[in-house]
Amino acid sequence: MTNELIINKPDDMHLHLREGELLSFVLKDTVRQFARAIIMPNLKVPVTTVDLARRYFEEINGHGYDFQPLMTLYLTDRLSKEEIRKAKESKLIHGVKLYPAGVTTNSQEGIASVDSCFKIFEEMEKNNLPLLIHGEVNDHLVDIFDREKIFIEKYLIKICQNFPSLRVVFEHISTKDAVDFVIESSKNVAATITPQHAMLSRNDLLSGGIKPHNYCLPILKREKHQKAILQAAISGNPKFFLGSDSAPHLTSQKQSACGCAGVYSARTAIELYADIFDKNNALDKLANFSNKFGADFYSLPHNESKIKLIKSNYVIPNELLFKDDKITPFLAGQTIHWQFSEISQ
Ligand code: DOR
Ligand code: ZN
């Protein structure tokens with residue numbers, strides 16, 4: 001039985017850091033465990049230009065941690081081809097994020113018509129700038145549990161066919177349909193996997209009382225899908241890599257009549273993944289999933305510093321005090337079996 005694991009420092013390839021005081025609060029959790037993270041651009045004023053991304057980068061960097069934020073641009077129909085070229089030249093921007101308008105937190109300025117973005121996709125393909133996709137349709141006539149599957153059928157197939165050299169990250173996949181799609185697509189199509197989609201099904205959200213802290217988008221699906229996500233994560237297929245989608249919201253805004261979507265997992269992210277992989281006899285696959293496959297997909301060098309994980313029980317705090325409110329971490333009050341220990345250079 002393995003009780004200790006030393007791996008190269010991981011990267012979180014999908015992370016929400018927010019801004020201001022909340023950024024300061026959550027950043028320390030991520031930098032403790034991760035060398036780099038792909039930073040989501042869905043701020044209140046979305047990060048739609050290279051200049052805004054640079055300002056956000058400086059805000060994050062200003063905290064002085066040994067951590068590299070990998071910035072992204074928020075796709076709107078105002079994004080120009082010149083801005084794509086500027087993004088590529090900047091070396092600061094690592095992808096462009098597509099949110100269908102209204103689909104999730106701060107996505108109002110997202111895309112109303114995917115077809116209208118084809119000129120931009122063409123420019124991104126030319127400049128080898130990845131497209132990061134929140135793959136759900138925002139159609140109130142479509143059942144919320146079917147929105148990812150319908151997005152694949154209506155849009156994703158078309159995008160990948162029309163732009164075969166465009167690198168696409170299908171973010172936070174939540175269905176077997178998405179797993180199958182990614183496996184069957186070319187090497188230019190990959191996916192991030194969150195702890196919650198690998199661990200939980202919709203019963204963990206809705207059965208025996210509603211659990212607002214397990215509510216995220218894409219919403220948790222039935223067990224068949226959760227099992228497919230878990231298998232993809234531990235499969236050793238380089239198309240699947242770590243992206244926590246840690247997305248903090250105040251507890252008061254989650255435990256409300258209209259609760260926000262998002263799971264705050266950054267406090268224990270790598271420990272959660274270690275627990276998942278260990279439970280499924282796949283600890284030997286954790287390193288590549290967390291520090292190699294994502295870096296390779298984004299054409300980044302591998303991290304050289306190491307972290308140590310130790311098998312030891314750890315009770316996740318019930319709440320984290322933040323100003324005069326709090327943030328409830330993912331799996332609050334529950335025991336996980338791996339603990340982050342230390343870093344060596
Ligand atoms: O649950 C989610 N929360 N899904 C998203 O796509 C966005 C995120 C957030 O920003 O809160
Ligand atoms: Zn996200």
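Residues numbered from 1 in each chain as written. Chains lettered and ligands numbered in written order. Predicted model: local features only at pLDDT ≥ 70, side-chain atom pairs only at ≥ 80, totals over all residues. Heavy atoms only, no water.

Concerning the overall build of the protein chain
So, step 1. Along its length, the protein chain carries 12 helices and 13 strands.
So, step 2. Relative to the 2.2 N^0.38 estimate, which gives 20 Å for 345 residues, the radius of gyration of the protein chain is 19 Å and therefore close to what a compact globule would have.
So, step 3. Counting only C-alpha atoms and orienting by the principal axes, one finds that the protein chain spans roughly 50 × 45 × 45 Å.
So, step 4. Expressed as a percentage of contacts within the protein chain between residues at least 6 apart in sequence, the contacts between residues at least 24 apart total 73%.
So, step 5. Carbon together with sulfur atoms contributes 48% to the accessible area of the protein chain, which is approximately 14200 Å² in total.
So, step 6. For the protein chain, the separation between the mean place of its 41 positive charges and that of its 42 negative charges on side chains is 2 Å. (Helix = DSSP H or I, 4+ residues; strand = E, 2+ residues; numbered from the N terminus. Rg over C-alpha atoms; globule rule 2.2 N^0.38 Å. Contact = heavy atoms within 4.5 Å. Areas by Shrake-Rupley, 256 points an atom, 1.4 Å probe, with all protein chains shown as cover. Lys, Arg positive; Asp, Glu negative; His and termini not counted. Charge placed at Lys NZ, Arg CZ, Asp CG, Glu CD.)

Remarks on the coordination of the zinc ion (ligand 2)
As a benchmark, a tetrahedral metal site with four donors has ideal angles of 109.5 degrees, while an octahedral site with six donors has ideal angles of 90 or 180 degrees.
So, step 1. The protein atoms donating to the zinc ion (ligand 2) are H14 (NE2), H16 (NE2) and D245 (OD), with metal-donor distances spanning 2.0 to 2.1 Å.
So, step 2. Taken in chain order, the donor set of the zinc ion (ligand 2) reads H-x1-H-x228-D. Here H14 matches H16 in class, with each residue buried. (Donors = N, O, S within 2.8 Å, 3.2 Å for Na, K, Ca; no water. Buried < 20%, exposed > 50% of the residue type's maximum accessible area, 1.4 Å probe, protein only.)

Concerning unusual backbone geometry
So, step 1. The amide bond that connects L217 to the next residue, P218, takes the cis arrangement and shows omega of 0°.
So, step 2. Mapped onto the elements of the fold, P218 is located in the loop between α8 (203-206) and α9 (223-234).
So, step 3. Even without being a glycine, K91 presents a positive backbone phi close to 65°.
So, step 4. Checked against the element boundaries, K91 lands in the loop between α3 (81-90) and β5 (93-98).
So, step 5. Accessibility expressed as a relative area gives 71% for K91, which makes it exposed.

Quick notes on the packing of aromatic side chains
So, step 1. In total, this model carries 12 aromatic pairs according to the counting rule given.
So, step 2. Taking the centre distance of 5.9 Å and the plane angle of 40° together, the rings of F241 and F297 count as tilted. Of this pair, F241 sits in strand β9 (residues 240-242) while F297 sits in helix α12 (residues 286-297); the two residues are 56 residues apart in sequence, bridging distant segments of the chain. The residues F241 and F297 share a single accessibility class, namely buried.
So, step 3. Ring centres of Y273 and F289 lie 5.6 Å apart, and the angle between their planes is 55°; this geometry places the pair in the tilted category. Of the two residues, Y273 is situated in helix α11 (residues 269-279) and F289 in helix α12; the sequence distance between them amounts to 16 residues. (Phe/Tyr/Trp six-rings, centres within 6.5 Å; stacked < 30°, edge-to-face > 60°.)

Quick word on the site of ligand 1
So, step 1. Around ligand 1 sit 14 residues in total, of which R18, N42, L217, H249 and A261 are the nearest.
So, step 2. Residue T105 places a side-chain N or O atom 3.0 Å away from an oxygen atom belonging to ligand 1.
So, step 3. H134 is positioned with one of its side-chain polar atoms (N or O) 3.1 Å from an oxygen atom of ligand 1.
So, step 4. When ligand 1 sits alone it has 290 Å² of accessible area, and the protein chains cover 100% of it.
So, step 5. When each cavity is represented as a set of grid points, ligand 1 is found to reside in the largest cavity.
So, step 6. Of the residues assigned to the shell around ligand 1, the class counts are four nonpolar, eight polar and two charged. (Near = heavy atom within 4 Å. Polar contact = N/O pair within 3.5 Å; in protein donor to acceptor, adjacent residues only side chain to side chain. 1 Å grid on protein atoms, 1.4 Å probe; cavity = no way out; pocket = protein on both sides within 12 Å on 5 of 7 lines; lining within 4 Å. Sits in = over half its atoms within 2 Å of the grid points. Nonpolar A, V, L, I, M, F, W, Y, C, P; charged D, E, K, R; others polar.)

Section: the sheet that holds strand β7 (residues 168-170)
So, step 1. In space, the eight strands of this open sheet follow the order β2-β3-β4-β5-β6-β7-β8-β9, with parallel pairing throughout. Edge positions in the sheet fall to β2 (11-15) and β9, since each has one partner strand and no second. Averaged over all adjacent pairs, the angle separating strand axes in this sheet is 30°, with direction ignored.
So, step 2. In this structure, β7 lies alongside strand β8 (residues 189-193), joined through three bridges in parallel fashion. Within β8, the residue paired with V168 across the bridge is V189.
So, step 3. Helix-sheet contacts for helix α6 (residues 176-184) involve β7, β8 and β9, and the interaxial angle to β8 is about 145°. (Pairing = 2+ DSSP bridges. Axes fitted to C-alpha atoms, helices over the stretch in contact; angles between N-to-C directions.)

Some details on the side chain of K97
So, step 1. Inspection of the secondary structure assignment puts K97 in strand β5.
So, step 2. Here K97 occupies a buried position and makes no salt bridge, while the nearest side chain of opposite charge, E171, is found at 5.4 Å.
So, step 3. Side-chain polar atoms of K97 contact the side chain of Y99, separated by 3.3 Å. (Salt bridge = Lys/Arg side-chain N within 4 Å of Asp/Glu carboxyl O.)

Some points on the pairing of β8
So, step 1. Counted residue by residue, β8 has five buried out of five residues, so it is predominantly covered.
So, step 2. Here β8 shows a buried face lined by V189, A191 and I193 and a second buried face lined by A190 and T192.
So, step 3. Once you follow β7 into α6 and on to β8, the crossover reads as right-handed.
So, step 4. As judged from the three bridges shared by β8 and β9, these two strands associate in the parallel manner. When the bridges of β9 are listed, I193 appears paired with L242. (Right-handed = clockwise from strand over helix to strand, strands pointing away.)

Just distances and angles here, no functional claims.
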